[in-house]
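Summary of structural features
Each chain, letter by letter, is given below.
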Amino acid sequence: MPYVNIKITKEGATADQKAALIKGVTDLLVTVLNKNPATTFVVIDEVEMEHWGVGGLPVEEYRKKLKAEKG
């Protein structure tokens, strides 16, 4: 029985977006692992982003950097 835990930052993901994530992960488990969709579990945790990092920077700083690079 596959169990997948998705962590997303608390940035206002809609119910439709969360449903799309669940569907996508379930489809992946069916395709890759040949599992029955009814036996898959997908959990979405919304977490604070203050303790996240990307490319050696806190997420907020990384996003500022990307925005500055785009002009």
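One structure accompanies this document, and this report is about it. (Residues numbered from 1 in each chain as written. Predicted model: local features only at pLDDT ≥ 70, side-chain atom pairs only at ≥ 80, totals over all residues. Heavy atoms only, no water.)

Some thoughts on the overall build of the chain
Rule in force here: Where helices and strands are cited, they refer to DSSP runs of H or I of at least four residues and of E of at least two residues respectively, numbered from the N terminus. Here the globule rule is a power law, 2.2 Å times the number of residues to the power 0.38, and the radius of gyration is based on C-alpha atoms. Classification of residues uses two cut-offs on accessible area relative to the type maximum, computed with a 1.4 Å probe and protein chains only: under 20% is buried, over 50% is exposed, and between them is partly exposed. Any two residues whose heavy atoms approach within 4.5 Å at even a single point are treated as in contact. Surface accessibility in these figures is a Shrake-Rupley result with a 1.4 Å probe; residues are shielded only by whichever protein chains are displayed. Under the counting rule used here, the positive set is Lys and Arg, the negative set is Asp and Glu, and His together with the chain ends is not counted. Charged side chains are reduced to one point each, which is NZ for Lys, CZ for Arg, CG for Asp and CD for Glu.
Counting secondary structure elements, the chain contains two helices and four strands. Ordered by position from N to C terminus, the α and β elements of the chain give β-α-β-β-β-α. Computed over C-alpha atoms, the radius of gyration of the chain comes to 16 Å, more than 25% over the 11 Å expected from 2.2 N^0.38 for 71 residues, which places it beyond the range of a compact globule. Here the C-alpha coordinates of the chain stretch approximately 45 × 20 × 20 Å along the principal axes. Put simply, the chain has 71 residues, and 17% of those count as buried. The long-range share in the chain, meaning contacts at least 24 apart out of those at least 6 apart in sequence, stands at 63%. Accessible surface computed for the chain: about 5,400 Å², of which carbon and sulfur atoms make up 58%. Here the chain contributes 10 positively and 10 negatively charged side chains, and the mean placements of these two sets differ by 4 Å.

Observations concerning unusual backbone geometry
Residues other than glycine seldom take positive phi values, yet Asn 34 does so here, at roughly 55°. Along the chain, the position of Asn 34 falls in the loop between helix H1 (15-33) and strand E2 (41-47). Asn 34 sits in the exposed class, given a relative accessible area of 66%.

As for the environment of Pro 58
By the secondary structure assignment, Pro 58 is in strand E4 (residues 57-58). On the accessibility criterion, Pro 58 (44% relative accessible area) is partly exposed. Distance from Pro 58 to Lys 10, taken between C-alpha atoms, is 15 Å for residues 48 residues apart in sequence.

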